[in-house]
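Spelled out, the chains give:
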Amino acid sequence: MRQTEITEVLNRPLGQELLARDLTRLAYVAKDGTPRSIPIAFAWNGREIVLCTTKNAPKLHALRENPMVALTIDTEVHPPKILLIRGRAQLDVVDGIPKEYLEINGSYEMTPEQRVEWEAEVRSLYDGMVRIVITPTWAKLIDFETTLPSAVEELVQQRAERQRA
């Protein structure tokens, strides 16, 4: 997929709406060769998706070995709205707490006092974190109104051909 096509998908209103959500599901291949799909908070900076994790997270070993990932961001209503992204993860070890981590968790409802306590706890727990930076190499939006999963599109086309025959 060309970068212009990816950008067009991500810049659609529905793409922007989904990129503003709190959670994505990160899919990757674990070191034992089995698939993993985990919910994780994320930030979209206009070019990349940024995830933050502990420096000792098991997923980091797997991502160093195979950095190819897939992300799903979707809604909980019917019909679902879905953004599928594939990309390559780059790991960036940082001292302290990445600004994205504080921004990601800033969307949760906390009183100002709870926020101060939470941030103090985070700063006392982590001496550093890893930013997982994902540059999209493929993207697709599915809204079940104007776009469908490719297998369903194929069935719709086959049905139309049967009806014409």
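Residues numbered from 1 in each chain as written. Predicted model: local features only at pLDDT ≥ 70, side-chain atom pairs only at ≥ 80, totals over all residues. Heavy atoms only, no water.

(A) Geometry of the sheet that holds strand β1 (residues 23-29). What the seven strands build is an open sheet, ordered β2-β1-β5-β6-β7-β4-β3; its pairing is antiparallel. The open sheet has two free edges, formed respectively by β2 (35-41) and β3 (43-44), since each of these has just one partner strand. Strand direction decides the pairing type here: β1 and strand β5 (residues 68-74), joined by three bridges, are antiparallel. Each bridged residue has a counterpart across the sheet, and for L26 the counterpart in β5 is L71. Along the sheet face, helix α1 (residues 3-11) touches β3, β6 (82-95) and β7 (128-142) and points at about 90° away from the line of β7. (Pairing = 2+ DSSP bridges. Helix = DSSP H or I, 4+ residues; strand = E, 2+ residues; numbered from the N terminus. Contact = heavy atoms within 4.5 Å. Axes fitted to C-alpha atoms, helices over the stretch in contact; angles between N-to-C directions.)

(B) Looking closely at the environment of P98. Topologically, P98 is positioned in the loop between β6 and α4 (99-104). In this structure P98 comes out as buried when scored by relative accessible area, which is 5%. (Buried < 20%, exposed > 50% of the residue type's maximum accessible area, 1.4 Å probe, protein only.)

(C) Broad picture of unusual backbone geometry. A cis geometry characterises the amide bond from H78 onward to P79, with omega recorded as -5°. The topology assignment puts P79 in the loop between β5 and β6. At F144, a position not held by glycine, the phi torsion is positive, near 60°. Along the chain, the position of F144 falls in the loop between β7 and α6 (150-164).

(D) Region of interest: the pattern of salt bridges. Overall, the coordinates contain 13 salt bridges when judged by the stated rule. With a closest N to O distance of 3.1 Å, D127 and K55 form a salt bridge. Of this pair, D127 sits in the loop between α5 (112-125) and β7 while K55 sits in the loop between β4 (49-53) and α3 (58-65); the two residues are 72 residues apart in sequence, bridging distant segments of the chain. Taking the relative accessible area as the measure of exposure, D127 reaches 58% and is therefore exposed. (Salt bridge = Lys/Arg side-chain N within 4 Å of Asp/Glu carboxyl O.)

(E) Just the pairing of β5, in detail. By the bridge criterion, seven bridges tie β5 to β6 in an arrangement that is antiparallel. Each bridged residue has a counterpart across the sheet, and for V69 the counterpart in β6 is G87.

(F) How the structure looks around the confidence of the model for the protein chain. Chain-level statistics for the protein chain give a pLDDT mean of 93 and a share of 98% at 70 or above. Per-element mean pLDDT across the protein chain ranges from 89 in α4 up to 98 in β5. (pLDDT = per-residue confidence, 0-100.)

(G) Just the packing of aromatic side chains, in detail. Tallied over the entire structure, the rule returns two aromatic pairs. Judged by centre distance (6.0 Å) and plane angle (20°), the rings of Y101 and W118 are stacked. Of this pair, Y101 sits in helix α4 while W118 sits in helix α5, and the two are 17 residues apart along the sequence. On the basis of relative accessibility, which here comes to 14%, the residue Y101 falls in the buried class. Ring-pair connections join several aromatic residues into one group, and the members of that group are Y101, W118 and Y126. Sitting over the face of the ring of W138, R86 holds its NZ or CZ atom 3.8 Å from the ring centroid. (Phe/Tyr/Trp six-rings, centres within 6.5 Å; stacked < 30°, edge-to-face > 60°. Lys NZ or Arg CZ within 6 Å of the ring centre and 35° of its normal.)

(H) Spotlight on α3. Restricting attention to buried positions, one finds in α3 the residues K59, L60, A62 and L63. End-on, the buried residues of α3 take up no more than an arc of 165°, which puts them together on one face. With respect to the buried face of α3, the exposed residues turned more than 90 degrees away are P58 and E65. Tucked into the core, α3 has its buried residues touching β1, β2, β4, β5, β6 and β7. (Arc of directions from axis to C-beta.)

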